[in-house]
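What follows is the residue order along each chain.
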Amino acid sequence: MTQMYHQADANPSLLEGKTIAVLGYGSQGRGQSLNLRDSGANVVIGLRPGGASWQQAEQEGWQPVGFADAVKDADVVMMLTPDMVQGEIYQEFVAPNIKPGAMLMFSHGFNILYDLIKPAANIDVTMVAPKGPGFLVRTEYEKGAGVPCLMAVHQDASGEAHAKALAYADAIGGTRGGVLTTNFKEETETDLFGEQAVLCGGAVSLVQKGWETLVEAGYQPELAYFECLHELKLIVDLLYEGGVSRMHQFVSDTAAYGAVTRGPRVVNDEAKAEMQRVLAEIQSGQFAREWIAEHQSGSHNYRRWQQQDCQHPIENVGAELRSRMSWLKREE
């Protein structure tokens, strides 16, 4: 079994006296930076001057600087800007300024796996990837818990890359939830597949098609929303807490019988075969090439497809129903 690390395995002293530059203050940038600061690390936030993230960082007690200034004195540089701009930021600001012997870090292996970033040989290159969004990384840390993380070493110039990456994972709370070792290829390909086939692509398409089926059969759109989207959280929570067994324990026998007899008819071998094709496109680099080309051409198709997704009729119904659910209001 792959090694899993916990708090007792980490050596926090490896970060003592070190400067950590976190580039980006989005979901992961914010969550990881605040956790690092609360763990006693010396953190510098690197951003493009004048943006909304800069203002937010200042409001939360940081004194952000430009990317180059953040990098030049840093012992650790964590890249948490969006995937498709990391290569440009690395070439312009990181490569000319990063110190020999420093550690370059990522929370996703996309840019390394697909050669958008080619680090110098004299630095460590590692990854600590929390398996949850940045707000959860933060809130779990504040509760004394932690989001599990994946950890990988792509390049070990110092001989201490593994230990230093584990110390970083510990400082953001990852060792509280457990740190699983992997490599950049495995993390990237499984992450992309999960997003596309199950979590973001597959789940949303399943919800939309289920809602359409009920509405087209004459049922109330609001009722269809509750059955196909709202109640999904209840099932996901059960799966999250204890797997399929816990779901079967807490749903009715009628629901469980329908699940085991009808579920495989909807998500069937044909769907699995399509999932295998999706995975093959990821493994071959086809998806990466397509996404890189889309970004370089201005992302017009992407924005149009995203807008279509967000304008599905279920969105109007859901917005109206959710506006009456006061418990859903959460400050980001």
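Right above here is the structure, for reference.
So, a few notes on the structure that sits alongside this text. Just so it is clear, the structure is predicted and the values come from calculations on it, not from any experiment. (Residues numbered from 1 in each chain as written. Predicted model: local features only at pLDDT ≥ 70, side-chain atom pairs only at ≥ 80, totals over all residues. Heavy atoms only, no water.)

## Describing the side chain of Ser33
With respect to the helices, strands and loops of the structure, Ser33 is situated in helix 1 (residues 27–38). Given a relative accessible area of 0%, Ser33 falls into the buried group. Side-chain polar atoms of Ser33 contact the backbone oxygen of Gly29, separated by 2.6 Å. What Ser33 contacts, discounting residues up to four positions off in sequence, is Val22, Tyr25, Gln28, Val43, Ile45 and Trp62. (Helix = DSSP H or I, 4+ residues; strand = E, 2+ residues; numbered from the N terminus. Buried < 20%, exposed > 50% of the residue type's maximum accessible area, 1.4 Å probe, protein only. Polar contact = N/O pair within 3.5 Å; in protein donor to acceptor, adjacent residues only side chain to side chain. Contact = heavy atoms within 4.5 Å.)

## Observations regarding the packing of helix 4 (residues 83–94) against helix 15 (residues 286–296)
Relative orientation of the contacting elements helix 4 and helix 15 amounts to 70°, with a least axis distance of 10 Å. Considering the angle they form, helix 4 stands roughly perpendicular to helix 15. Contacts from Met84, Val85 and Glu88 in helix 4 reach Trp291, Ile292 and His295 in helix 15. Of the residues in the contact of helix 4 with helix 15, the class split is 4 nonpolar, 1 polar and 1 charged. (Axes fitted to C-alpha atoms, helices over the stretch in contact; angles between N-to-C directions. Parallel < 35°, antiparallel > 145°, perpendicular 65-115°, else oblique. Nonpolar A, V, L, I, M, F, W, Y, C, P; charged D, E, K, R; others polar.)

## A closer look at helix 11 (residues 221–230)
In an α-helix, one full turn covers 3.6 residues, which means residues spaced three or four apart are oriented alike. Among all positions in helix 11, only Ala224, Tyr225 and Cys228 are buried. The buried residues of helix 11 occupy one face: seen down the axis, they fall within an arc of 105°. Buried residues along helix 11 sit against helix 10 (201–216), helix 12 (232–250) and helix 17 (313–322). (Arc of directions from axis to C-beta.)

## Let's talk about the side chain of Thr19
Turning to its location among the elements, Thr19 is positioned in strand 2 (residues 19–23). Residues within four places of Thr19 in sequence aside, it is in contact with Asn42, Val44, Asp73, Ala74, Asp75 and Val76.

## Some details on the packing of helix 10 against helix 11
Running from amino to carboxyl end, helix 10 crosses helix 11 at an angle of 145°, the nearest separation of the two axes being 9 Å. Considering how the two elements wind past one another, helix 10 and helix 11 form a crossing that is right-handed. In this structure, helix 10 uses Val207, Gly210, Trp211, Leu214 and Val215 to contact helix 11, whose residues at the interface are Pro221, Ala224, Tyr225, Glu227, Cys228 and Leu229. Among the residues making up the contact of helix 10 with helix 11, the classes are represented as 9 nonpolar, 1 polar and 1 charged. (Left-handed = near helix turned anticlockwise from the far one by under 90°.)

## Some details on the sheet that holds strand 6 (residues 124–130)
Strand order in the open sheet formed by 8 strands is 1-8-7-6-5-4-2-3, with mixed pairing between adjacent strands. Taken across any chain shown, the strands that pair with only one partner, and hence form the sheet edges, are strand 1 (4–5) and strand 3 (42–46). Inspection of the sheet shows strand 6 paired to strand 7 (residues 149–155) by 6 bridges, in the antiparallel sense. Following the sheet pairing, Pro130 is matched in strand 7 by Cys149. Helix-sheet contacts for helix 4 involve strand 2, strand 4 (76–79) and strand 5 (103–106), and the interaxial angle to strand 4 is about 150°. (Pairing = 2+ DSSP bridges.)

## Notes on the environment of Gly31
Mapped onto the elements, Gly31 comes out in helix 1. Separated by 103 residues in the primary sequence, Gly31 and Gly134 have C-alpha atoms spaced 4.8 Å apart. What Gly31 contacts, discounting residues up to four positions off in sequence, is Gly134, Val137 and Arg138.

## Description of unusual backbone geometry
The backbone of Asp115 sits at a positive phi, close to 60°, despite the residue not being glycine. The class of Asp115 is exposed, set by a relative accessible area of 51%. Positive phi is not limited to glycine here, since Ser299 has a value of about 60°. Mapped onto the fold, Ser299 is located in the loop between helix 15 and helix 16 (300–310).

That's the geometry; what it means functionally is another story.
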